[in-house]
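The primary structure of each chain is shown beneath.
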Amino acid sequence: MTFIIGAACIDVMDRSCLQECPVDSIYEGARKLYIHPVECVDCGACEPVCPVEAIASDRDEDEDFAPFVADAVEFFQSVLPGRVNPIGSPGGARSTGPVGVDSRYVRELPPAGSFT
Ligand code: F3S
Ligand code: F3S
């Protein structure tokens, strides 16, 4: 079980969540942030601080968040543009710094203002 970041983060990236994570398991893409599905210790500290309610537990089985469960896995396990290896599980976002690129799913989503 893990927490996930959904569509509301896209093109907002408030970053308040970063200060709360005790294990530094929130990684920064270009349009949104991604919680590491293995490194997250499921503490829940990040969820209430997001001003746009972009964070949820996968236990909630909220259909709005459903695509982002697999997307978080894909973000860390695939080879993203401009990289030669998957991010994998480096043990914390400080070791990578801002990744600066998104999963394929997020790259292909329209700008946040055009969501219907
Ligand atoms: Fe995004 Fe909310 Fe964090 S907008 S960066 S999930 S505080
Ligand atoms: Fe980190 Fe806890 Fe959220 S481990 S990603 S603050 S659920």
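Residues numbered from 1 in each chain as written. Chains lettered and ligands numbered in written order. Predicted model: local features only at pLDDT ≥ 70, side-chain atom pairs only at ≥ 80, totals over all residues. Heavy atoms only, no water.

**Q** Honestly, the site of ligand 2 in this entry has me stumped. Any pointers?
**A** In the vicinity of ligand 2, the contacting residues are Phe-3, Cys-21, Pro-22, Val-23, Ser-25, Ile-26, Ile-35, Cys-40, Val-41, Cys-43, Gly-44 and Cys-46. In terms of residue class, the shell around ligand 2 is built from 10 nonpolar, 2 polar and no charged. (Near = heavy atom within 4 Å. Nonpolar A, V, L, I, M, F, W, Y, C, P; charged D, E, K, R; others polar.)

**Q** How should I be thinking about the site of ligand 1 in this particular structure?
**A** All residues in the neighbourhood of ligand 1 are listed as Ile-5, Cys-9, Met-13, Asp-14, Arg-15, Ser-16, Cys-17, Leu-33, Cys-50, Val-52, Ala-54 and Ile-55. Among the residues making up the shell around ligand 1, the classes are represented as 9 nonpolar, 1 polar and 2 charged.

**Q** What's the story with the side chain of Arg-31 in this structure? I'm lost.
**A** Within the secondary structure layout, Arg-31 lies in the loop between β2 (26-28) and β3 (33-35). For Arg-31, a relative accessible area of 15% translates into the label buried. A polar atom in the side chain of Arg-31 sits 3.0 Å from the backbone oxygen of Val-106. Of the polar contacts made by the side chain of Arg-31, one reaches the backbone oxygen of Pro-110; its length is 2.9 Å. (Helix = DSSP H or I, 4+ residues; strand = E, 2+ residues; numbered from the N terminus. Buried < 20%, exposed > 50% of the residue type's maximum accessible area, 1.4 Å probe, protein only. Polar contact = N/O pair within 3.5 Å; in protein donor to acceptor, adjacent residues only side chain to side chain.)

**Q** In this structure, what is going on with a negative patch on the surface? I would like to understand it.
**A** Residues Glu-47, Glu-53, Asp-60, Glu-61, Asp-62, Glu-63 and Asp-64 make up a contiguous surface patch of negative charge. Within the element layout of this structure, Asp-64 appears in the loop between β4 (55-57) and α2 (66-77). (Patch = residues over 30% accessible without salt bridge, like charges linked within 9 Å, V, L, I, M, F, W, Y side chains within 5 Å. Areas by Shrake-Rupley, 256 points an atom, 1.4 Å probe, with all protein chains shown as cover. Salt bridge = Lys/Arg side-chain N within 4 Å of Asp/Glu carboxyl O. Lys, Arg positive; Asp, Glu negative; His and termini not counted. Charge placed at Lys NZ, Arg CZ, Asp CG, Glu CD.)

**Q** Teacher, can you tell me more about α2 here?
**A** Helical periodicity: at 3.6 residues per turn, an α-helix aligns residues three or four positions apart in one direction. Along α2, the residues classified as buried are Phe-68, Asp-71, Ala-72, Phe-75 and Phe-76. Looking straight down α2, one finds that the buried residues subtend no more than 125° of arc, so they occupy a single side. Facing away from the buried side of α2 by over 90 degrees, the exposed positions are Ala-70 and Gln-77. Tucked into the core, α2 has its buried residues touching β1 (3-5), β2, β3 and α3 (104-107). (Arc of directions from axis to C-beta. Contact = heavy atoms within 4.5 Å.)

**Q** Sorry if this is basic, but what is going on with the pattern of salt bridges here?
**A** A pair can form between side chains of opposite charge whenever their charged atoms are brought close. One pass over the full model with this rule turns up 4 salt bridges. Close ionic contact of Asp-11 with Arg-31 constitutes a salt bridge, the shortest N to O distance being 2.8 Å. Placement of Asp-11 in the loop between β1 and α1 (16-20) and of Arg-31 in the loop between β2 and β3 is noted, with a sequence separation of 20 residues between them. The shortest N-O distance in the salt bridge between Arg-94 and Asp-24 comes to 3.2 Å.

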